[in-house]
Amino acid sequence: MNTKSIVVEYARETHRQTWTRSSDVSTQTKAAISVCQVWQEVGRKHFGQRMVAEHGLGDGKMNEKLDLVDVQDRVAYELKASPNNTHFEFYRDVFKVLVFNQRNPGSPLKTLVFITPEEGARSLRKPFTDEVIKIASVAGIVVEVIGI
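Reference entry: report on the structure contained in this document. (Residues numbered from 1 in each chain as written. Predicted model: local features only at pLDDT ≥ 70, side-chain atom pairs only at ≥ 80, totals over all residues. Heavy atoms only, no water.)

**Points about the side chain of Gln40**
Stated precisely, the cut-off is as follows: A run of H or I in DSSP counts as a helix once it spans at least four residues, and a run of E counts as a strand once it spans at least two, with each numbered from the N terminus. Note on definitions: a residue-residue contact is assigned when non-hydrogen atoms from the two residues lie within 4.5 Å.
Looking at the secondary structure, you find Gln40 in helix α2 (residues 25–47). With sequence-adjacent residues up to four places away left out, Gln40 is seen in contact with Ala53, Glu54, Asp67 and Leu68.

Encoded structure:
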């Protein structure tokens, strides 16, 4: 298995074991945070310093962070645990990688792997999303949407 396959499988397993769907926004927010934290920890334990969780975008002036970054292969992994409003998070994450690359021209990210439940991934299979992915590719970023 390659690195991406392992990271995605960890996300799938963590989501299966940790995610709880609820109509209560607070409960769902806590569950999403828990899924992401457990997944990040598993990734760091498996790959060591190669994986950086909560990777900042640049000089520390912004609070935005990337969920998990493979600093060796220059890949950003973003995990959206809830299938709700996936598009908002997806577009934001594309912009986070664009901003990161603008602020770090000597070590740009090459790929964004956006991981979300299959229901959320299906919601992104639209012409507008395809256009956003094309724009990212012009900027040198490969964008992948993976349903778990």
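From this point, the narrative continues.
**Here we look at the packing of helix α1 (residues 3–18) against α2**
Helix-helix packing is characterised by the crossing angle of the two axes and by the distance between the axes. As a reminder of what qualifies: Lines fitted to C-alpha atoms define the axes, with helix axes restricted to the stretch in contact, and inter-axis angles between N-to-C directions lie between 0 and 180 degrees. By the definition used in this description, the sense in which the near helix is turned from the far one sets the handedness, with an anticlockwise turn below a right angle giving left-handed and a clockwise turn giving right-handed. Each residue gets one of three labels, nonpolar for Ala, Val, Leu, Ile, Met, Phe, Trp, Tyr, Cys and Pro, charged for Asp, Glu, Lys and Arg, and polar for the others, Gly among them.
Across the interface, α1 lies against α2 with an axial gap of 9 Å and an inter-helix angle of 140°. Considering only the axes of α1 and α2, their crossing is right-handed. The residues of α2 that touch α1, namely those facing Thr3, Ile6, Val7, Tyr10, Ala11, Thr14, His15 and Thr18, are Ser34, Val35, Val38, Trp39, Val42, Gly43, His46 and Phe47. For the contact of α1 with α2, the class distribution of residues is nine nonpolar, seven polar and no charged.

**Re the nonpolar core**
Put simply, the test is: Here, nonpolar core means buried Ala, Val, Leu, Ile, Met, Phe, Trp, Tyr and Cys residues that are tied together by side-chain atoms lying within 4.5 Å of each other. Each residue gets one of three labels from its accessible area relative to the maximum for its type: buried under 20%, exposed over 50%, partly exposed in between, using a 1.4 Å probe on protein chains only.
With 21 residues, the main nonpolar core has Val7, Trp39, Leu68, Tyr77, Leu79, Val113 and Ile115 as its most contacted residues. Elements with a minimum of two residues in this core: α1, α2, β1 (51–56), β3 (75–79) and β4 (111–116). Element by element, the count of residues in this core is highest for α2, at five residues. Membership of the second largest hydrophobic core comes to 17 residues, among which are Leu57, Ala76, Val97 and Leu109.

**Side note on the side chain of Lys80**
Filter applied, for reference: Polar contacts, as used here, are pairs of N or O atoms within 3.5 Å; protein pairs need one atom able to donate a hydrogen and one able to accept it. Residues neighboring in sequence count only if both atoms are side-chain atoms.
Considering the arrangement of structural elements, one finds Lys80 in the loop between β3 and α3 (86–103). In terms of polar contacts, Lys80 uses its side chain to reach the backbone carbonyl oxygen of Ser82, at 3.4 Å. Not counting chain neighbours up to four residues away, the residues in contact with Lys80 comprise Asn85, Thr86, Glu89, Phe114, Ile115, Thr116 and Pro117.

**Some words on the sheet that holds strand β5 (residues 142–147)**
What links the strands of a sheet is backbone hydrogen bonding, and the strands pair in either a parallel or an antiparallel sense. Under the convention used in this document: A pair of strands is considered paired only if DSSP assigns at least 2 bridges between the two.
Taken in spatial order, the five strands make up an open sheet running β1-β2-β3-β4-β5, and their pairing is mixed. Two strands close off the open sheet at either side, each with one partner strand: β1 and β5. Ignoring strand direction, the axes of neighbouring strands in this sheet form an average angle of 30°. In this structure, strand β2 (residues 65–70) lies alongside β3, joined through three bridges in antiparallel fashion. Note on β3: the bridge partner recorded for Val69 is Ala76. Contacting β1, β2, β3, β4 and β5, α3 runs over the sheet at an angle of about 160° to β4.

**Thoughts on α3**
Using the following cut-off: In a helix, the anticipated span is given by 1.5 Å times the number of residues less one.
If you check α3, its first and last C-alpha atoms are 26 Å apart, about what 18 residues at 1.5 Å a residue would give, namely 26 Å. All buried positions along α3 are accounted for by Thr86, Phe90, Tyr91, Asp93, Val94, Lys96, Val97, Phe100 and Asn101.

**Examining α2**
One turn of the α-helix equals 3.6 residues, which is why residues spaced by three or four share an orientation. A rise of 1.5 Å per residue sets the reference length of α2, with its 23 residues, at 33 Å; its end C-alpha atoms lie 33 Å apart and thus fit the reference within 8%. All of the buried residues along α2 are Gln28, Ala31, Val35, Cys36, Trp39, Gln40, Gly43 and Phe47. On its buried face, α2 is in contact with α1, β1, β2, β3 and β4. Phi turns positive one or two residues past the end of α2, at Gly48, with a value near 65°.

By themselves, these are just geometric observations and shouldn't be taken as functional.
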